[in-house]
Amino acid sequence: MGFGVGWLSVRPSMRSLQRIADALETTAVRLPAAADGPRTVDVVRAGSAAVPEDGETGRVRPLVRGQQQPHALEFTGPHDWRREFRHPHDELMYVVAGAVEADADGRRDELGPGDTLYCSGGVTHRRRAPAPYSRVLLVGVADDFRG
């Protein structure tokens, strides 16, 4: 996920993208996707590039490219409570492997493989995946998608 201007190419970290997205009241997935434009059919291969999150050993990989709904990300490895999230779109978290501790709207839950957590838009939430083999899918649906 890089932005190019002529000969200059920049690969900001996911944390930097998230900070910019927060300031612009959008999502980190939408920022680089805006350059891609809409896609009718697209395949994202399992081996596509995953980037490390700042200060963490975990990695994040977009599962949908372009200006698509829903937004989907795959997180692998350990992740910490570094920040809380609160955004206007609904979000579904699915634990593929490992374990996740989730804190949503003041409620804490421990989740394992096959478990899901749903948060309505506007709910403050955060997650922590302590195991290095954890794998979590996050899918968010923006307000403009619900019609």
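Look up a bit, the structure's there.
Residues numbered from 1 in each chain as written. Predicted model: local features only at pLDDT ≥ 70, side-chain atom pairs only at ≥ 80, totals over all residues. Heavy atoms only, no water.

(A) Fine view of the overall build of the protein chain. Check the secondary structure of the protein chain and you find three helices and eleven strands. The burial tally for the protein chain puts 38% of its 147 residues in the buried class. For the protein chain, the proportion of contacts with a sequence separation of at least 24, taken over those separated by at least 6, is 59%. (Helix = DSSP H or I, 4+ residues; strand = E, 2+ residues; numbered from the N terminus. Buried < 20%, exposed > 50% of the residue type's maximum accessible area, 1.4 Å probe, protein only. Contact = heavy atoms within 4.5 Å.)

(B) Local environment of the sheet that holds strand S7 (residues 100-104). Ordered by their spatial adjacency, three strands build an open sheet running S8-S7-S10, and the pairing between neighbours is antiparallel. Each edge of the sheet is formed by a strand with only one pairing partner; in this case those strands are strand S8 (107-111) and strand S10 (125-128). Within the sheet, the average angular offset between the axes of one strand and its neighbour, ignoring direction, is 15 degrees. Of the pairings in the sheet, the one linking S7 to S10 comprises four bridges and is antiparallel in character. Across the sheet, Glu-101 pairs through a bridge with Arg-128, a residue of S10. (Pairing = 2+ DSSP bridges. Axes fitted to C-alpha atoms, helices over the stretch in contact; angles between N-to-C directions.)

(C) Broad picture of the environment of Gly-112. Tracing the sequence through the fold places Gly-112 in the loop between S8 and strand S9 (116-119). On the basis of relative accessibility, which here comes to 17%, the residue Gly-112 falls in the buried class. For Gly-112 and Tyr-94, which are 18 residues apart along the polypeptide, the C-alpha to C-alpha distance reads 9.1 Å.

(D) Molecular detail of the packing of aromatic side chains. According to the stated counting rule, one finds zero aromatic pairs in the structure shown. Across the ring face of Phe-75, the terminal group of Arg-127 is positioned such that the distance to the ring centre comes to 4.1 Å. (Phe/Tyr/Trp six-rings, centres within 6.5 Å; stacked < 30°, edge-to-face > 60°. Lys NZ or Arg CZ within 6 Å of the ring centre and 35° of its normal.)

(E) Quick look at the pattern of salt bridges. This structure, assessed with the given rule, holds six salt bridges. Where Arg-126 meets Asp-103, a salt bridge forms, and the shortest distance between an N and an O atom there is 3.5 Å. Of this pair, Arg-126 sits in strand S10 while Asp-103 sits in strand S7, placing them 23 residues apart in sequence. When its relative accessible area of 16% is taken as the criterion, Asp-103 is described as buried. The salt bridge involving Arg-107 is made with Asp-109; its shortest N-O contact spans 2.9 Å. (Salt bridge = Lys/Arg side-chain N within 4 Å of Asp/Glu carboxyl O.)

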